[in-house]
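The residues making up each chain are set out below.
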Amino acid sequence: MARIGEAAGPVATRDALARARLRASLVPDLLVEARRVVTTVISGWHGRRKRGIGENFWQFRPYVEGETMSRIDWRRSARDDHVYVRDQEWEAAHTVWLWADPSPSMLYKSEGANVSKESRALVIVLALAELLSRSGERIAWPGLTDPITARNGAERLAAHLSHATTLSAKPDLSNIRRFSDIVIASDFLDPVEETMEWLDVLSRHGVRAHLIEVVDPAEESFPYTGRTEFSDPETGSKLTAGRAELLGQDYRNLYTARRHELAAWAKRLGWSYTVNHTDRLASDALVRVHMAMTAEAHYAAAGAAR
């Protein structure tokens with residue numbers, strides 16, 4: 001299967017360069033759209049930094065009876081009549097890796113969709129980059145950038161994407177270590193076994209993943225009738241159905257079974273799984289992922305404090 005970033009002859013190279021130029025032209029507008037999406041959710045967004053075990057100062061707070069005396073900051077307490085504790089910042093999850101699937105199937109856009117799957121995935125990732133950067137988190141794209149800590153993290157990530165001539169269809173995730181999160185936006189149309197094999201290294205390294213399945217409404221509902229030609233964007237192979245409606249029920253059963261199997265596997269690992277349709281709002285996925293990441297941060301912080 002020819003993929004962006006894999007050597008597959010002159011045709012694949014030409015297609016890869018064409019896609020790189022298209023992505024470069026789209027990224028500035030997608031960044032603007034991502035920031036527009038951010039404005040719809042920013043009022044409910046809170047950073048994930050919590051007090052707990054760490055080296056960096058977090059805050060002073062009043063001493064509570066029963067706490068260990070060693071946590072009292074006597075210098076701060078001497079300033080007035082109250083006793084204060086010096087809290088450190090919890091450092092269990094500092095880097096959030098972000099990745100949007102660049103494979104050819106993500107270019108698909110039916111008449112009922114507002115945008116292509118690729119555009120939606122990039123908007124979600126760039127919006128997360130904007131929100132996380134504002135919260136002081138480190139962000140990175142596997143195989144493209146090292147972790148970035150900056151208020152303009154989304155803009156810097158967009159610049160890297162604009163200048164990338166190739167993006168790996170399945171980047172190496174083995175360098176992502178414990179106490180990191182990764183958000184993956186993809187259509188997950190590869191065989192489930194292949195997807196699990198690719199992501200298994202994350203579970204072995206103790207990385208928390210948030211999977212966002214980006215879906216075109218036509219892919220899910222299969223609205224086709226009559227004589228229809230289907231083309232695989234990955235391989236170029238074609239299939240002609242004389243009465244496409246006869247394939248509908250079997251197709252839908254296979255499509256939903258793939259999703260349920262992958263989502264159940266992710267749940268067993270303690271990961272989150274979100275479905276976002278391209279005829280609906282990108283902010284829906286943003287809110288769901290935020291809730292999952294915040295719940296994880298509270299759980300880990302509570303564990304560190306015990």
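So, here is what we can say about the structure in this document. (Residues numbered from 1 in each chain as written. Predicted model: local features only at pLDDT ≥ 70, side-chain atom pairs only at ≥ 80, totals over all residues. Heavy atoms only, no water.)

### Things to note about the pairing of strand 7 (residues 228-231)
- Direction of pairing for strand 7 relative to strand 8 (residues 238-241): antiparallel, over a ladder of 4 bridges. Within strand 8, the position partnered with Phe 230 by the bridge is Leu 239.
- Taking the residues between adjacent antiparallel strands as the criterion, strand 7 and strand 8 are bridged by 6 residues, where Gly 236 takes a positive phi near 85°. (Pairing = 2+ DSSP bridges. Helix = DSSP H or I, 4+ residues; strand = E, 2+ residues; numbered from the N terminus.)

### Brief notes about the packing of helix 5 (residues 192-204) against helix 7 (residues 248-268)
- At a minimum axis separation of 10 Å, helix 5 and helix 7 run at an interaxial angle of 20°. Taken together, the axes of helix 5 and helix 7 are roughly parallel relative to one another. As for how helix 5 packs across helix 7, the hand of that crossing is right-handed. Contacts from Val 192, Glu 193, Thr 195, Met 196, Leu 199 and Asp 200 in helix 5 reach Arg 258, Glu 261, Leu 262 and Trp 265 in helix 7.
- Its residues assigned to classes, the contact of helix 5 with helix 7 comprises 5 nonpolar, 1 polar and 4 charged. (Axes fitted to C-alpha atoms, helices over the stretch in contact; angles between N-to-C directions. Parallel < 35°, antiparallel > 145°, perpendicular 65-115°, else oblique. Left-handed = near helix turned anticlockwise from the far one by under 90°. Contact = heavy atoms within 4.5 Å. Nonpolar A, V, L, I, M, F, W, Y, C, P; charged D, E, K, R; others polar.)

### Let's talk about the nonpolar core
- In this structure, Leu 98, Trp 141, Ile 182, Ile 184, Leu 199, Leu 202 and Leu 211 are the most contacted members of the largest nonpolar core, which totals 63 residues.
- Counting residues per element, this core draws most heavily on helix 3 (residues 117-134), which supplies 11 residues.
- Setting aside anything within four residues of it in sequence, one finds Leu 202 in contact with Leu 173, Ile 176, Ile 182, Ile 184, Val 207, Ala 209 and Trp 271. (Core = buried A, V, L, I, M, F, W, Y, C linked by side-chain atoms within 4.5 Å. Buried < 20%, exposed > 50% of the residue type's maximum accessible area, 1.4 Å probe, protein only.)

### Section: the sheet that holds strand 5 (residues 180-186)
- In space, the 5 strands of this open sheet follow the order 4-3-5-6-9, with parallel pairing throughout. Two strands lie at the open edges of the sheet, namely strand 4 (138-140) and strand 9 (272-277), each paired on one side alone. For this sheet, the mean inter-axis angle between neighbouring strands, taken without regard to orientation, is 20°.
- As paired elements, strand 5 and strand 6 (residues 208-215) share 6 bridges and run parallel to each other.

### A look at the packing of aromatic side chains
- Applying the stated criterion to the full structure yields 8 aromatic pairs.
- Ring centres 5.2 Å apart and planes at 85° place the aromatic pair Phe 222 and Tyr 224 in the edge-to-face group.
- Measuring from centroid to centroid gives 5.4 Å for Trp 265 and Trp 271, while their planes differ by 80°, and the two rings are edge-to-face. Residue Trp 265 shares its accessibility class with Trp 271, and that shared class is buried.
- Through a chain of ring-to-ring contacts, the aromatic side chains of Phe 222, Tyr 224, Phe 230, Tyr 251 and Tyr 255 assemble into a single cluster.
- Lying over the aromatic face of Tyr 255, Arg 258 brings its terminal NZ or CZ to 4.5 Å of the ring centre. (Phe/Tyr/Trp six-rings, centres within 6.5 Å; stacked < 30°, edge-to-face > 60°. Lys NZ or Arg CZ within 6 Å of the ring centre and 35° of its normal.)

### Section: unusual backbone geometry
- With a phi close to 70°, Phe 179 is a non-glycine residue in the positive phi region.
- Take Phe 179: it is sitting in the loop between helix 4 (153-163) and strand 5.
- Since its relative accessible area comes to 45%, Phe 179 is described here as partly exposed.
- The residue Phe 222 is not glycine, and still its phi comes out positive at about 50°.
- Counting through the fold element by element, Phe 222 comes out in the loop between helix 6 (217-221) and strand 7.
- Residue classification places Phe 222 among the buried positions, given a relative accessible area of 9%.

### Section: the pattern of salt bridges
- A full pass over the atoms with the stated rule returns 14 salt bridges.
- With a closest N to O distance of 2.7 Å, Arg 36 and Glu 33 form a salt bridge. With Arg 36 and Glu 33 both in helix 1 (residues 9-41), this residue pair falls 3 residues apart, about one helical turn.
- Overall, the relative accessible area of 45% leaves Arg 36 in the partly exposed class.
- Residue class for Glu 33 comes out partly exposed when judged on its relative accessible area of 29%.
- We note a salt bridge from Arg 35 to Glu 130, for which the minimum N-O separation is 3.4 Å. Of the two residues, Arg 35 is situated in helix 1 and Glu 130 in helix 3; the sequence distance between them amounts to 95 residues. (Salt bridge = Lys/Arg side-chain N within 4 Å of Asp/Glu carboxyl O.)

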